[in-house]
Amino acid sequence: MARTTDTDLAPHELRVLVAVADAGGFSAGAEALGLTQSAVSHSVRGSERKIGTVLFERGRRGARPTAAGERAVAHARRVLHLLDVLVAEARGAARSQASPEPEGPLRIAAFRSVALHLLPPVLQRLRARHPGIEPQVRIVRELGRGTAGEVADGRADLAIATLDGAQLPAGLVASGLFEESYSLVHPAGHPAPRSLPLVDWAENCGSYTRAWWGAQDWIPRATIEAEDDGAVLSLVGKGHGMAVMPALSLVGAPDSVEITDLGPERPTRRVGHVTTPELAGSAVVRALVRELRAADSASGAVGARTR
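Residues numbered from 1 in each chain as written. Predicted model: local features only at pLDDT ≥ 70, side-chain atom pairs only at ≥ 80, totals over all residues. Heavy atoms only, no water.

Asks: Before we go on, may I ask you to explain the overall build of the protein in this structure?
Replies: Scanning the protein for helices and strands turns up 10 helices and 11 strands. With 307 residues in all, the protein has 46% of them scored as buried. Of all intrachain contacts in the protein linking residues separated by at least 6 positions in sequence, the fraction that spans at least 24 positions is 74%. Of the roughly 15,600 Å² of accessible surface on the protein, 52% is carried by carbon and sulfur atoms. Charge separation in the protein, taken as the distance between the mean sites of 35 positive and 34 negative side-chain charges, equals 4 Å. (Helix = DSSP H or I, 4+ residues; strand = E, 2+ residues; numbered from the N terminus. Buried < 20%, exposed > 50% of the residue type's maximum accessible area, 1.4 Å probe, protein only. Contact = heavy atoms within 4.5 Å. Areas by Shrake-Rupley, 256 points an atom, 1.4 Å probe, with all protein chains shown as cover. Lys, Arg positive; Asp, Glu negative; His and termini not counted. Charge placed at Lys NZ, Arg CZ, Asp CG, Glu CD.)

Asks: Is there a simple way to explain the pairing of strand 1 (residues 56-59) in this structure?
Replies: Working note: regular strand, side chains alternate between the two faces of the sheet. Where strand 1 meets strand 2 (residues 62-65), 4 bridges bridge the pair, whose relative direction is antiparallel. Its bridge partner being in strand 2, Phe-56 is matched across the sheet by Pro-65. Counting the residues between successive antiparallel strands, the hairpin from strand 1 to strand 2 contains 2 residues. (Pairing = 2+ DSSP bridges.)

Asks: Which parts of the structure should I look at to understand the pattern of salt bridges?
Replies: Proximity of charged atoms lets side chains of opposite charge pair with each other. In this structure the tally under the stated criterion is 15 salt bridges. With its nearest N and O atoms 2.8 Å apart, the salt bridge here joins Arg-107 to Asp-157. Remark: Asp-157 occurs in the loop between helix 6 (146-152) and strand 5 (158-162) and Arg-107 occurs in strand 3 (residues 104-110); sequence separation between them is 50 residues. There is no split in this pair, since Arg-107 and Asp-157 are both buried. The partner of Glu-227 in a salt bridge is Arg-141, and the shortest N-O contact between them spans 3.2 Å. One end of the pair, Glu-227, is in the loop between strand 8 (222-226) and helix 8 (229-237); the other, Arg-141, is in the loop between strand 4 (133-139) and helix 6, with 86 residues separating them in the sequence. Residue classification places Arg-141 among the partly exposed residues on the basis of a relative accessible area of 36%. Residues joined in a network through salt bridges with shared partners are Arg-125, Arg-129 and Glu-291. (Salt bridge = Lys/Arg side-chain N within 4 Å of Asp/Glu carboxyl O.)

Asks: Please clarify how the side chain of Arg-78 should be interpreted in this entry.
Replies: Relative to the assigned elements, Arg-78 resides in helix 4 (residues 67-95). One polar contact links the side chain of Arg-78 to the main-chain carbonyl oxygen of Ala-152, over a distance of 3.5 Å. Each residue touching Arg-78, except ones within four places of it in the same chain, is listed here: Val-151, Ala-152, Gly-154, Gly-171, Leu-172, Thr-276 and Glu-278. (Polar contact = N/O pair within 3.5 Å; in protein donor to acceptor, adjacent residues only side chain to side chain.)

Asks: Would you mind showing me how to read helix 1 (residues 11-23) here?
Replies: Three or four residues apart is the spacing at which side chains of an α-helix point the same way, because the helix has 3.6 residues per turn. Its 13 residues place the ends of helix 1 18 Å apart at the C-alpha level, agreeing with the 18 Å of an ideal helix rising 1.5 Å per residue. Every buried residue of helix 1 is listed here: Glu-13, Leu-14, Val-16, Leu-17, Val-18, Ala-19 and Val-20. In the stretch just after helix 1, Gly-24 is the one whose phi turns positive, near 80 degrees. (Expected span 1.5 Å × (residues − 1).)

Asks: Can you help me understand the packing of aromatic side chains in this one?
Replies: Two measures describe an aromatic ring pair: the distance that separates the ring centres and the angle between the ring planes. Enumeration over the complete set of coordinates arrives at 2 aromatic pairs. Geometrically, the ring pair formed by Phe-26 and Phe-56 is edge-to-face, given 6.2 Å between the ring centres and 75 degrees between the ring planes. Here Phe-26 is found in helix 2 (residues 26-33), whereas its partner Phe-56 is found in strand 1, with 30 residues between them in sequence. Here the two residues Phe-26 and Phe-56 agree in accessibility, since each one is buried. Residues Trp-212 and Trp-213 carry aromatic rings whose centres are separated by 6.3 Å and whose planes lie at 75 degrees to one another, so their mutual orientation is edge-to-face. Each member of the pair, Trp-212 together with Trp-213, is buried. If you follow Arg-194 out to its NZ or CZ, it ends over the ring of Trp-218, 4.2 Å from the centre. (Phe/Tyr/Trp six-rings, centres within 6.5 Å; stacked < 30°, edge-to-face > 60°. Lys NZ or Arg CZ within 6 Å of the ring centre and 35° of its normal.)

Asks: Just to check I follow, could you spell out the confidence of the model for the protein for this structure?
Replies: This prediction gives the protein a mean pLDDT of 87; 90% of its residues lie at or above 70. Low pLDDT, under 50, characterises residues 297-301; the predicted model gives this stretch 9 contacts beyond four residues in sequence or across chains. (pLDDT = per-residue confidence, 0-100.)

Asks: How should I be thinking about the packing of helix 5 (residues 112-129) against helix 10 (residues 283-294) in this particular structure?
Replies: Geometry of a packed helix pair, given as the angle between the helix axes and the separation of the axes. Look at helix 5 against helix 10: their axes get within 9 Å of each other, and the N-to-C directions meet at 125 degrees. Looking at the two axes, helix 5 sits oblique to helix 10. Between helix 5 and helix 10 lies a crossing whose hand is right-handed. Residues Leu-118, Leu-119, Val-122, Leu-123, Arg-125, Leu-126 and Arg-129 of helix 5 lie in contact with helix 10, whose contacting residues are Ala-287, Leu-288, Glu-291 and Leu-292. Per-class residue counts for the contact of helix 5 with helix 10 are 8 nonpolar, no polar and 3 charged. (Axes fitted to C-alpha atoms, helices over the stretch in contact; angles between N-to-C directions. Parallel < 35°, antiparallel > 145°, perpendicular 65-115°, else oblique. Left-handed = near helix turned anticlockwise from the far one by under 90°. Nonpolar A, V, L, I, M, F, W, Y, C, P; charged D, E, K, R; others polar.)

Asks: What am I meant to see in the packing of helix 1 against helix 2 here?
Replies: The geometry of helix 1 relative to helix 2 is characterised by a closest axis approach of 8 Å and an angle of 120 degrees between their N-to-C directions. Taken together, helix 1 and helix 2 sit at an angle that is classed as oblique. When the axes of helix 1 and helix 2 are compared, the crossing they make is right-handed. Across the interface between the two elements, Arg-15, Val-16, Ala-19, Val-20 and Ala-23 from helix 1 touch Phe-26, Ala-28, Gly-29 and Leu-33 from helix 2. The residue makeup of the contact of helix 1 with helix 2, split by class, is 7 nonpolar, 1 polar and 1 charged.

Take a look at the structure:
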């Protein structure tokens, strides 16, 4: 039989680490857990002693994780959630040994256009087939570590992410879902759309488009930048410029904009799902992946009104 050691952290110690990190301090973390500050401080010191390093920088304005603390908190979130998955799946198996019914929370991180256009019908079918699943969607900008970072940090079970050229955080697994094409978007009826100023947003240009983008001498430097793709469409529709945008962002585009195919050399990006090796085998994640793969991406969510 395996024995615990002096370096093992108990679930309640993991919860304390997460609470202090989320609340930004020992007092606030203690309040969130219904504990005293001294109990929380004692628990954190004990965890630091077991791990052998400082996990939080203490200051007058609270406490924030060190680099080691960030890794510890991320793993703590993932371990605590796996304990929840263990309970949910064991109970499901006890009720139906032949085919355990997936149930419990399912935390999904997605960038804006996926959350708006791809996920709603997928989640509708998922809940119809598995009413015990409780989807929770978190919209994250696809910048830096993006949606995959939410999985790495233990805040999401599965992320819908752009995969081409992205550096996947260590310890995660990914699988592609579909290729998303880019198109030229401009004010409807404009006689020379390529002569217009460029409207852009920070999430739009990744390594999957950068090589193509750099080879196009007709694309100027961005003169207008927006926070998201919806704002880009609004600006283009009001005549402020043109844009190069991916297909999901163009679903339901207003009649004030025109969408023009960029030809066979147009850029594309690969969209897929990211999770952890442990959660990839969980019933709720497998159920969602089945629905994502069943979605008719080519003619449905990723289709765009192109002229």
